[in-house]
Amino acid sequence: MMESADALAADLPRALEHRELVLHYQPKLHLATDRVREVEALLRWQHPKHGLLLPGAFLTGRIDGDVALVLGRWVVRAALDQCAAWVAEGADLGVCVNFSPRQFDDPALPMALDELLADAGLPPARLNLEITEVAAVVAMDRTAARVRELRRRGLHVTLDDFGTGFSSLTWLQQLPVTMRKLDQSFTTQLGKHSQTDAIVDSVVRLAHSLELEIIAEGVETAGQLTHLRRLEFDYAQGFHICRPVPAEHVLPYVRRPR
Ligand code: C2E
Ligand code: MG
Ligand code: MG
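Residues numbered from 1 in each chain as written. Chains lettered and ligands numbered in written order. Predicted model: local features only at pLDDT ≥ 70, side-chain atom pairs only at ≥ 80, totals over all residues. Heavy atoms only, no water.

**Q** Help me out: how do you make sense of the site of ligand 1 in this one?
**A** If you check the shell around ligand 1, you find 22 residues, and the closest are Arg44, Asn98, Asp160, Glu220 and Phe239. Contacts to ligand 1 include Arg44, whose side-chain N or O atom sits 2.6 Å from an oxygen atom. Within the side chain of Glu217, an N or O atom sits 3.3 Å from an oxygen atom of ligand 1. The protein chains hide 77% of the 800 Å² of surface that ligand 1 would expose on its own. At 4 residues, the largest contribution of residues to the shell around ligand 1 is made by strand E2 (residues 35–47). A class-by-class count of the residues in the shell around ligand 1 yields 10 nonpolar, 6 polar and 6 charged. (Near = heavy atom within 4 Å. Polar contact = N/O pair within 3.5 Å; in protein donor to acceptor, adjacent residues only side chain to side chain. Areas by Shrake-Rupley, 256 points an atom, 1.4 Å probe, with all protein chains shown as cover. Helix = DSSP H or I, 4+ residues; strand = E, 2+ residues; numbered from the N terminus. Nonpolar A, V, L, I, M, F, W, Y, C, P; charged D, E, K, R; others polar.)

Now the structure itself:
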C-alpha cells in the first residue's frame, strides 16, 4: 500500500542520502523560432518500493523546514550541473527550477545561488527560478524585493501558475519577473469559450506591454498550440510538445529537426 504523503516526506532525508531523487526535464518551446531555449527541472523520486513518484505524492507543506532547504539546494545543484553538461556539449540551453516559498525567502539564497552557479561554471542568465503566483502574493513586498535582487544579479524569475493567485495589477506591474507562465487551466479552455480567449488575449498584451515574456503550460493538443501561436505567446510547454523526460533524452529532442 502507498504511504501517505507526510510519511513519504519524512523519508526524504534517507532518499537524498541513497540518491533516489532524480530530475526530469520538460522543454519550453520558443514559438517564434520553434527552438527549445530552456527546460524545466521537475523532481522525481525513484522509490525502491513504489516506483517513480511525482512531487504531488511527497512534496507536502509539512516537510521539515531544514529538509526543504537541503532538498531545494540539491535540486538547484543537480539542475545546474546538468545544464553545464549540455552547454559543454554545445547546446544553448537554460534551466528552470521550481522554488518553494521557504526556499525563495531564505535570506542566504542569493549568495548560495552565486556559489552554485560558480561551482557549475555557468553565468546567472542560465538559471530561471519559478515561483507560483499563489506563493508570491503571500508576502508581496518581500517577494518583489527578492525578485528585484535576483534580477539585478542577472538571474531570471518566472511567475508560475499565473492567473490563480489573485495578484493586483498594481503589484504585478512592479514585479520585474522575466516571464509569466499562464496556468494550465487557461490553456485547457482555449478555443472553448470566447470569454476565456478574450481574457488570455489581454493577458498576453499586458505582459508584452510590460516587456515580459509569456508562456502557456499544459499544452495537450495541436489545436491549443495553434491558438497560442495566434495569440502571440512567446513560449509553450506541455505533453503535446514534449513530456518531462530523463536528462539523456533532452539533447536528442532539442536537436531534432522540426
Ligand atoms: P509546475 O511547476 O506547475 O509543473 C507543471 C506540472 O504539470 C508538472 O507536474 C508537469 O509534469 C505537468 N505537466 C506538464 N505538461 C503537462 C500537460 O500537458 N498536461 C498535464 N496534465 N500536465 C502537464 P509534476 O512534475 O508532477 O510537478 C507538479 C508540481 O510540483 C510542479 O508544478 C511544481 O510546482 C512542483 N515541483 C516539481 N518539481 C519541484 C522541485 O524541484 N521543487 C519544488 N519546490 N517544487 C517542485
Ligand atoms: Mg513550474
Ligand atoms: Mg505551473
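**Q** Is there a simple way to explain the packing of helix H4 (residues 65–88) against helix H6 (residues 109–120) in this structure?
**A** Each pair of packed helices can be described by the angle between their axes along with the distance between the axes. For the pair H4 and H6, interaxial distance at closest approach is 9 Å and the crossing angle is 30 degrees. By the criterion of interaxial angle, the relationship of H4 to H6 is roughly parallel. Here H4 and H6 pass one another in a crossing that is right-handed. Contacts from Arg73, Val76, Arg77, Leu80, Asp81 and Ala84 of H4 reach H6 at Ala112, Leu113, Glu115, Leu116, Leu117, Asp119 and Ala120. (Axes fitted to C-alpha atoms, helices over the stretch in contact; angles between N-to-C directions. Parallel < 35°, antiparallel > 145°, perpendicular 65-115°, else oblique. Left-handed = near helix turned anticlockwise from the far one by under 90°. Contact = heavy atoms within 4.5 Å.)

**Q** Looking at this structure, I do not really get the environment of Ala88. What am I missing?
**A** For Ala88, the location among the structural elements is in helix H4. Since its relative accessible area comes to 67%, Ala88 is described here as exposed. Placed 132 residues apart in sequence, Ala88 and Glu220 show a C-alpha to C-alpha distance of 32 Å. (Buried < 20%, exposed > 50% of the residue type's maximum accessible area, 1.4 Å probe, protein only.)

**Q** Help me understand the nonpolar core in this model?
**A** Inside soluble globular proteins, nonpolar side chains tend to come together where they are buried. The biggest cluster of nonpolar side chains holds 80 residues, and the ones touching the most others in it are Tyr25, Trp86, Leu127 and Phe233. The element best represented in this core is H4, accounting for 10 residues. Ignoring sequence-local partners within four residues, the contact set of Phe233 consists of Leu31, Leu182, Val200, Val204, Ile214, Ile215, Ala216 and Leu228. (Core = buried A, V, L, I, M, F, W, Y, C linked by side-chain atoms within 4.5 Å.)

**Q** Teacher, can you tell me more about a nonpolar patch on the surface here?
**A** A surface patch of nonpolar side chains, about 250 Å² in accessible area, is lined by Leu169, Leu206 and Leu210. In this fold, Leu206 is placed in helix H11 (residues 194–209). Note on Leu206: relative accessible area 37%, which makes it partly exposed. (Patch = residues over 30% accessible without salt bridge, like charges linked within 9 Å, V, L, I, M, F, W, Y side chains within 5 Å. Salt bridge = Lys/Arg side-chain N within 4 Å of Asp/Glu carboxyl O.)

**Q** Is there a simple way to explain the coordination of the magnesium ion (ligand 2) in this structure?
**A** Geometry reference: four tetrahedral donors at a metal, ideal angle 109.5 degrees. Six octahedral donors, ideal angles 90 or 180 degrees. Within the protein, the magnesium ion (ligand 2) binds to Glu40 (OE), Asn98 (OD1), Glu130 (OE) and Asp160 (OD); these donor distances fall in the range 2.0 to 2.3 Å. Sequence spacing among the residues donating to the magnesium ion (ligand 2) works out to E-x57-N-x31-E-x29-D. A separation of 4.3 Å is found between the magnesium ion (ligand 2) and the magnesium ion (ligand 3), both of which receive a donor from Asp160. With Asn98 in strand E4 (residues 94–98) and Asp160 in strand E6 (residues 156–162), the pair connects residues that are 62 residues apart, well separated along the chain. By relative accessible area, which is 30% here, Asn98 ends up partly exposed. Classification of Asp160 as buried rests on a relative accessible area of 5%. (Donors = N, O, S within 2.8 Å, 3.2 Å for Na, K, Ca; no water.)

Fair warning: the whole summary comes from geometry, so function is off the table for now.
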